[in-house]
Amino acid sequence: MGPEPASGESLVDFVAVMRRLRAECPWKAAQTHGSLARYLLEEAHETLEAIDAGELSGDWDHLREELGDLLLQVYFHAAIAEERGGWTIDDVAADIVAKLRRRNPHVFGEPTGETLTAEEVNVEWERRKAQEKSHRTSVTEGLPPGLPALLMADKVLDRLERAGRHEDRLPARPAPMTSDEVGDRLLALVAESRAAGVDPEQALRHAVRRTVADAEE
């Protein structure tokens, strides 16, 4: 038998622990949203590493630990916001619950009897997201400038594709490839970049900027 379904009781305890630590621990009391930024980034990377390790070994206990560290960062920021009279962890949870209900009408809307594929669900999610973000004035608006170039490229191309604004600016799509084949091609490009003395991260970042500039002319 598997574990009992989560009751949420430990999360209530977590809120109380964070409030006490903010009140009684000098180091934690001194932290701000800005001072915690580096830890959020570090914990996110460590969580990704734990996922990779779990995929290889089948042991997911380390991911459990890293998710706890990541959750600590979420609660830490919420505790700081609560102290200044802004919002609380309840508001954070309420916002994401509302978003999930809004963007998943196939689950929370009126029953239609229609069975959607995972791809169709994703398309609907992105369509509703685009409607909510229709005020954007640039294809890169809302994308953190510090995103790795590969992730930035994927995000930008997705937005351009949905807007129908990139078909004439990029090479024709290659035949379908497996994940391993894509990885091998990317690794080969990095090797070619090294041989040419080119920083592949910067080269891709510049290419994304050129593509965005062309699309927004």
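The structure under discussion appears in the preceding block.
Residues numbered from 1 in each chain as written. Predicted model: local features only at pLDDT ≥ 70, side-chain atom pairs only at ≥ 80, totals over all residues. Heavy atoms only, no water.

Trainee: I tried to follow the packing of aromatic side chains on my own but got confused; where do I start?
Mentor: Aromatic ring pairs are defined here through the distance separating the ring centres and the angle between the ring planes. Under the defined criterion, the tally for this structure stands at two aromatic pairs. Seen from their ring centres, Phe-14 and Tyr-75 are 4.4 Å apart, and the 15° between their planes marks the pair as stacked. Here the residue Phe-14 occupies a position in helix α1 (residues 9-24), and Tyr-75 occupies one in helix α4 (residues 61-83), the gap between them amounting to 61 residues. Here the two residues Phe-14 and Tyr-75 agree in accessibility, since each one is buried. On the numbers, 6.0 Å between centres and 75° between planes, the contact of Trp-27 with Tyr-39 is edge-to-face. (Phe/Tyr/Trp six-rings, centres within 6.5 Å; stacked < 30°, edge-to-face > 60°. Helix = DSSP H or I, 4+ residues; strand = E, 2+ residues; numbered from the N terminus. Buried < 20%, exposed > 50% of the residue type's maximum accessible area, 1.4 Å probe, protein only.)

Trainee: Sorry if this is basic, but what is going on with the packing of helix α3 (residues 33-57) against α4 here?
Mentor: For any two helices packed against each other, the geometry comes down to the angle between their axes and how far apart the axes lie. Orientation of α3 relative to α4, taken along the N-to-C sense of each, is 160°, at an axis distance of 9 Å. Considering the angle they form, α3 stands roughly antiparallel to α4. α4 is crossed by α3, and the crossing has left-handed handedness. For the pair α3 and α4, contact is made by His-33, Leu-36, Tyr-39, Leu-40, Glu-43, Ala-44, Glu-46, Thr-47, Ala-50 and Ile-51 and by His-62, Leu-63, Glu-66, Leu-67, Asp-69, Leu-70, Gln-73, Phe-76, His-77, Ile-80 and Ala-81, respectively. Taken together, the residues that form the contact of α3 with α4 break down as 12 nonpolar, five polar and four charged. (Axes fitted to C-alpha atoms, helices over the stretch in contact; angles between N-to-C directions. Parallel < 35°, antiparallel > 145°, perpendicular 65-115°, else oblique. Left-handed = near helix turned anticlockwise from the far one by under 90°. Contact = heavy atoms within 4.5 Å. Nonpolar A, V, L, I, M, F, W, Y, C, P; charged D, E, K, R; others polar.)

Trainee: So what exactly am I meant to see when it comes to the side chain of Arg-205 here?
Mentor: By secondary structure assignment, the location of Arg-205 is in helix α10 (residues 200-215). For Arg-205, a relative accessible area of 13% puts it in the buried group. Aside from chain neighbours lying at most four places away, what touches Arg-205 is Pro-145, Leu-147, Pro-148 and Ala-149.

Trainee: Where do I start with the nonpolar core in this structure?
Mentor: When a protein is soluble and globular, its nonpolar side chains tend to lie buried together. If you look at the biggest cluster of nonpolar residues, it comprises 10 residues: Val-139, Leu-143, Leu-147, Met-152, Ala-153, Val-156, Leu-160, Val-208, Val-212 and Ala-215. Looking at this core, the elements that each hand over two or more residues are α8 (149-163) and α10. Examining the composition of this core, we find that four residues originate from one element, α8, more than from any other. One finds Leu-36, Tyr-75, Ile-80 and Ile-89 within the second-largest nonpolar core, a separate group that totals nine residues. (Core = buried A, V, L, I, M, F, W, Y, C linked by side-chain atoms within 4.5 Å.)

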